[in-house]
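Remarks on the overall topology
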Amino acid sequence: MDALFALLESNDIFTPNTLMQYWGGLVTTVQLVFLSLVIGGVIAIPLAIMRASENPWLSRPVWIYTYVFRGTPLLVQLYMIYYGVTLIEGIQDTFWWEIFRGAFYPALIAFVLNTAAYTTEIFRGAIEATPRGEIEAAKAYGMSWARRMRRIVLPSAFRRAIPAYSNEVIFMLHASAIASVVTIIDLLGAARNIYAQFYAPFPAFIFVACIYLLLTFGILGVFKHLEKRMLGHLRPR
């Protein structure tokens with residue numbers, strides 16, 4: 001351990017101080033992405049059910065929401081929420097200002113709304129792909145709509161959605177890098193600070209790219225394991 005610290009101390013860029021900056025950026029990135037995916041996933045489940053409904057009064061508003069958030073850049077959405085909140089008259093005098101005066105929560109809201117829109121369409125497609133035979137069998141057993149949805153449709157849809165949802169998780173990890181444009185010190189923000197400090201863009205950004213690669217491979221490994229466990233019955237024998 002002493003030899004490692006001695007090596008870091010002799011290095012001009014990757015010192016214990018700069019590595020701690022990367023570590024702080026990594027923690028912020030993981031927090032932002034994890035919370036976005038969890039909250040967005042919870043929101044997406046009822047929206048996906050509504051989107052798959054044959055009732056236009058339920059499906060049409062959800063379609064408009066997903067169309068807007070999937071059809072506009074995430075960076076624009078982040079700017080609209082981060083800067084737009086300050087234009088709300090009187091918000092500085094309410095408790096909401098304590099939440100929105102920083103950059104983390106506006107970025108979190110933008111990420112949640114964006115990933116919820118994509119996840120809604122992923123789950124909607126998986127719900128609509130439920131074999132009719134499974135639904136008819138559930139009806140024959142006398143299951144109500146709610147019970148069919150809870151015991152047959154949603155569990156089956158979640159399994160089918162795993163491959164597509166893994167892409168959304170990776171996309172959100174990579175898209176989280178734009179949080180640095182609103183003063184959040186995530187991984188990319190830490191790399192920018194180190195670049196500004198040492199004027200060495202290649203080491204600073206290549207190192208952060210390697211961190212993103214490791215995170216991506218970790219996510220792929222988790223979803224690969226989930227696919228083997230939950231979709232193993234679909235593999236040819």
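So, a few notes on the structure that sits alongside this text.

The rules we used
- Residues numbered from 1 in each chain as written.
- Predicted model: local features only at pLDDT ≥ 70, side-chain atom pairs only at ≥ 80, totals over all residues.
- Heavy atoms only, no water.
- Phe/Tyr/Trp six-rings, centres within 6.5 Å; stacked < 30°, edge-to-face > 60°.
- Helix = DSSP H or I, 4+ residues; strand = E, 2+ residues; numbered from the N terminus.
- Lys NZ or Arg CZ within 6 Å of the ring centre and 35° of its normal.
- 1 Å grid on protein atoms, 1.4 Å probe; cavity = no way out; pocket = protein on both sides within 12 Å on 5 of 7 lines; lining within 4 Å.
- Points joined across faces, edges and corners; volume = space filled by probe spheres on them.
- Nonpolar A, V, L, I, M, F, W, Y, C, P; charged D, E, K, R; others polar.
- Buried < 20%, exposed > 50% of the residue type's maximum accessible area, 1.4 Å probe, protein only.
- Contact = heavy atoms within 4.5 Å.
- Axes fitted to C-alpha atoms, helices over the stretch in contact; angles between N-to-C directions.
- Left-handed = near helix turned anticlockwise from the far one by under 90°.
- Patch = residues over 30% accessible without salt bridge, like charges linked within 9 Å, V, L, I, M, F, W, Y side chains within 5 Å.
- Areas by Shrake-Rupley, 256 points an atom, 1.4 Å probe, with all protein chains shown as cover.
- Salt bridge = Lys/Arg side-chain N within 4 Å of Asp/Glu carboxyl O.
- Arc of directions from axis to C-beta.

**Side note on the packing of aromatic side chains**
Under the defined criterion, the tally for this structure stands at 11 aromatic pairs. Measuring from ring centre to ring centre gives 4.7 Å for tyrosine 22 and phenylalanine 207, while their planes differ by 55°; the resulting arrangement is tilted. Taken together, the positions of tyrosine 22 in helix H2 (residues 16-51) and phenylalanine 207 in helix H10 (residues 201-230) put the pair 185 residues apart, joining distant regions of the chain. A network of ring pairs unites the aromatic residues Phe123, Phe158, Tyr165 and Phe223 as a single cluster. The ring of tryptophan 63 is capped by arginine 60, whose NZ or CZ atom sits 5.2 Å from the centre of that ring.

**A closer look at the layout of surface pockets**
Estimated volume of the largest pocket: approximately 390 Å³. Every residue lining the largest pocket is counted, 14 residues in all, and those nearest its centre are Ala52, Arg132, Ile135, Trp145 and Met149. The set of elements that each furnish at least two residues to the lining of the largest pocket consists of helix H6 (104-128), helix H7 (132-140) and helix H8 (145-175). Broken down by element, the lining of the largest pocket gets its largest block of residues, 4 residues, from H8. Looking at the lining of the largest pocket, its residues break down into 7 nonpolar, 2 polar and 5 charged. Approximately 310 Å³ is the volume found for the second largest pocket.

**Notes on the environment of valine 112**
When you line up the elements, valine 112 lands in helix H6. By relative accessible area, valine 112 is classed as buried at 7%. Expressed as a C-alpha distance, the spacing of valine 112 and isoleucine 43, which sit 69 residues apart in the sequence, is 8.7 Å. Sequence-distant contacts of valine 112, defined by excluding residues within four places in its chain, comprise Leu35, Ser36, Ile39, Gly40 and Ile43.

**Some points on the packing of H2 against H8**
Two numbers describe how H2 lies on H8: the axes approach to 11 Å, and their chain directions differ by 145°. Once H2 is placed against H8, the crossing between them reads as right-handed. Note on element contacts: H8 touches H2 through Trp145, Met149, Leu154, Phe158, Tyr165, Val169, Met172 and Leu173, opposite Thr29, Val33, Ser36, Leu37, Ile45 and Ile49. In the contact of H2 with H8, the residues fall into 12 nonpolar, 2 polar and no charged.

**Comments concerning a nonpolar patch on the surface**
A cluster of nonpolar side chains, contributed by Val30, Phe34, Leu35, Val38, Ile39, Val42 and Ile43, occupies part of the molecular surface with about 570 Å² of accessible area. Along the chain, the position of valine 30 falls in helix H2.

**A closer look at helix H4 (residues 74-84)**
The set of residues buried in H4 consists of Leu74, Gln77, Leu78, Ile81 and Tyr82. For H4, the angular spread of the buried residues around the axis is 120°, confining them to a single face. Structurally, H4 contributes buried residues whose contacts are with helix H3 (56-71), H6 and H8.

**Quick word on the pattern of salt bridges**
As enumerated under the stated definition, the model contains 4 salt bridges in all. Between arginine 51 and glutamate 121 there is a salt bridge, with the nearest N and O atoms lying 2.9 Å from each other. You can see arginine 51 sitting in helix H2 and its partner glutamate 121 sitting in helix H6, a full 70 residues away along the chain. Note on arginine 51: relative accessible area 17%, which makes it buried.

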